[in-house]
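# Residue-level structural notes
What follows is the residue order along each chain.
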Amino acid sequence: METTNKIRVLIAKPGLDGHDKGAKIVALALRDAGMEVIYSGLHQTLDQIIQTATEESVDVIGLSIMSGAHLPISEKLIDMMREKGLADIRLVVGGVIPHQDIPKLKEMGVAEMFPGGTSFEDIITSINNLFE
Amino acid sequence: MIRFIEDCDPTAFEMLKLLYPHSGNAFIIGITGSPGAGKSTLIDALILEFRKLDIKVAVIAVDPTSPISGGAILGDRLRMQRHATDEKVFIRSMASRGQKGGLSRATKDAAVVLDAMGYEIIIIETVGAGQGEFDITSLAHSIGIVNIPGTGDGIQTVKAGILETGDVFIVNKSDKPDADELVHHLIMMINMRKASKTNWTAKVLKTIARDGTGVKELADTFLSHFDFMKKNGLIDRKRKELEHLYFHSLLKDLTLEKLLLFMKDSEDCKKAEKKIRSRELDPLSAAELMVNKMTVFQSNNKET
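A short tour of the structure in this document, coming up.

Criteria and thresholds
Residues numbered from 1 in each chain as written. Chains lettered and ligands numbered in written order. Predicted model: local features only at pLDDT ≥ 70, side-chain atom pairs only at ≥ 80, totals over all residues. Helix = DSSP H or I, 4+ residues; strand = E, 2+ residues; numbered from the N terminus. Rg over C-alpha atoms; globule rule 2.2 N^0.38 Å. Buried ≥ 20, exposed ≤ 12 C-beta atoms within 10 Å, placed from the backbone. Contact = placed C-beta atoms within 7 Å. Nonpolar A, V, L, I, M, F, W, Y, C, P; charged D, E, K, R; others polar. Pairing = 2+ DSSP bridges. Core = buried A, V, L, I, M, F, W, Y, C linked by C-beta atoms within 7 Å. Axes fitted to C-alpha atoms, helices over the stretch in contact; angles between N-to-C directions. Parallel < 35°, antiparallel > 145°, perpendicular 65-115°, else oblique. Left-handed = near helix turned anticlockwise from the far one by under 90°. Expected span 1.5 Å × (residues − 1).

### Thoughts on the overall build of chain A
- Scanning chain A for helices and strands turns up five helices and five strands.
- Overall, chain A shows an N-to-C arrangement of helices and strands of β-α-β-α-β-α-β-α-β-α.
- For chain A, whose C-alpha radius of gyration is 14 Å, the value lies close to the compact-globule estimate of 14 Å for 132 residues.
- In terms of its C-alpha atoms, chain A occupies a principal-axis envelope of roughly 45 × 35 × 25 Å.
- The buried share among the 132 residues of chain A stands at 42%.
- Contacts in chain A between residues at least 24 apart in sequence constitute 71% of all its contacts with a sequence separation of at least 6.

Here you go:
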């Protein structure tokens with residue numbers, strides 16, 4: 001049988017900020033790059049994100065965070081992913097991410113960071129590169 | 001596991017063989033209807049009703065794959081996220097990956113897995129399409145068709161197509177004008193059906209999925225359809241019928257895959273391609289020639 005492997009991405013917005021335009025536009029760009037994007041919407045708890053990622057068997061979790069809470073959220077989520085045996089899923093984070101936080105996120109185990117202003121092309125290339 | 005199925009990974013086939021004997025207990029509901037009719041929102045509300053009865057529910061939600069990029073945005077789940085952390089609810093989105101009929105081939109296999117996992121009700125949501133979506137009838141035991149008011153006159157309800165197959169008709173967004181007219185047309189259409197073999201008379205229900213109006217009745221209707229089928233031995237008959245269809249579609253897929261694999265790399269095929277390019281042969285004759293040349297078909301011809 002011919003295998004048809006596609007990159008599956010969960011796009012989620014944790015927490016309270018309600019700006020989902022960025023997440024939607026990125027979802028669209030990833031679709032156009034041939035990926036399957038599960039869009040789970042606003043105000044997701046970390047439990048919801050973990051459960052959704054499990055049920056949907058995704059390769060990537062993409063968080064869109066504009067609230068400034070990217071550090072604690074990413075740290076907690078990575079802990080939970082390890083705990084639930086999801087350590088092989090890659091976590092990427094986009095949104096309002098100050099440059100000085102990027103090394104910290106990297107150290108935590110976030111695979112890629114896409115601060116505001118990153119081009120679609122860069123996002124797509126980086127995600128594709130994670131699986132080569 | 002479902003991921004392996006979607007990716008046509010060979011291990012999936014072996015795993016499915018092991019799981020298959022454990023399936024065959026779930027009640028499978030198909031939900032279809034045009035885009036924006038409220039299928040996902042309705043399913044979200046249905047999950048809530050089934051959970052009140054402590055029934056384990058799985059949902060397979062199919063959304064279209066882009067014919068241009070091969071990618072997809074799977075957004076049905078968005079409407080059902082409040083159930084995400086309920087351990088007795090399993091929601092899986094699938095992309096149609098270019099299969100016609102609105103359901104990916106993998107859907108059936110995924111339903112087998114969820115069935116074997118012990119989910120009592122499996123709801124399959126088709127891509128929003130409508131008149132041509134027959135695939136769902138080869139998967140589900142009960143078909144719910146979601147309609148919305150204001151989308152056409154009475155003649156739409158008597159056209160051939162998916163409407164002929166519905167067991168439960170849902171008039172969603174029934175607070176909109178013309179809902180009663182649509183109910184009326186649907187009832188008329190059902191009355192005009194030939195007395196169906198199963199003697200289950202299709203029901204028409206009004207709902208407003210967003211606030212849950214009428215959804216309890218809808219859940220009850222599906223359950224009573226299931227009861228009805230169980231009492232009359234219809235469910236066994238239906239399961240056997242679907243199993244038969246499953247076998248034949250597998251047979252078709254596997255044969256095609258094997259044959260194509262074999263033919264694609266053959267010398268004959270390369271020759272034919274060359275002849276077509278040089279315009280010595282038209283594609284129709286070339287294809288016919290190749291098939292006729294195959295030994296399987298030749299021995300068949302001799303017998304007949």
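### As for the interface of chain A and chain B
- Tallying the contact residues gives 27 residues for chain A and 26 residues for chain B.
- Looking at the side of chain A that touches chain B, the elements with two or more residues in it are helix H1 (21–32), strand S2 (36–44) and helix H2 (46–55) of chain A.
- If one sorts the elements of the side of chain A that touches chain B by residue count, S2 of chain A sits on top with seven residues.
- Among the residues forming the side of chain A that touches chain B, the class breakdown is nine nonpolar, 11 polar and seven charged.
- Strand direction decides the pairing type here: S2 of chain A and strand S3 (residues 72–74) of chain B, joined by three bridges, are parallel.

### A look at the nonpolar core
- In terms of nonpolar packing, the biggest core is built from 100 residues, with Val37 of chain A together with Leu46, Ile122, Ile123 and Ile124 of chain B touching the most fellow members.
- The residues touching Ile124 of chain B, leaving out its near neighbours within four places in the chain, are Ile28, Gly30, Ile31, Ile60, Thr107, Ala111, Ile136, Leu139 and Ala140 of chain B.

### Structural notes on the packing of helix H9 (residues 267–277) of chain B against helix H10 (residues 283–293) of chain B
Residues and elements named next belong to chain B.
- Orientation of H9 relative to H10, taken along the N-to-C sense of each, is 165°, at an axis distance of 10 Å. For the element pair H9 / H10, the angle class is roughly antiparallel. In this structure, H9 meets H10 at a crossing whose hand is right-handed. Two secondary-structure elements touch here, H9 through Asp268, Cys269, Ala272, Lys275 and Ile276 and H10 through Pro283, Ala286, Met290 and Lys293.
- Looking at the contact of H9 with H10 residue by residue, the classes come out as six nonpolar, no polar and three charged.

### Description of the packing of helix H3 (residues 39–52) of chain B against helix H7 (residues 215–231) of chain B
Residue and element names in this part refer to chain B.
- Two numbers describe how H3 lies on H7: the axes approach to 9 Å, and their chain directions differ by 70°. Regarding the angle of H3 to H7, the classification is roughly perpendicular. The crossing of H3 and H7 is right-handed. Contacts between H3 and H7 involve Ala45, Leu46, Glu49 and Phe50 on the former and, on the latter, Val215, Lys216, Leu218 and Ala219.

### A closer look at H3 of chain B
Residue and element names in this part refer to chain B.
- Between its first and last C-alpha, H3 extends 20 Å over 14 residues, near the 20 Å set by a 1.5 Å rise per residue.
- For H3, a buried count of 10 out of 14 residues is recorded, marking the element as mostly surrounded by other parts of the structure.
- All buried positions along H3 are accounted for by Lys39, Ser40, Thr41, Leu42, Ile43, Asp44, Ala45, Leu46, Ile47 and Phe50.
- Looking one or two residues beyond H3, the residue adopting positive phi is Asp54, at roughly 60°.

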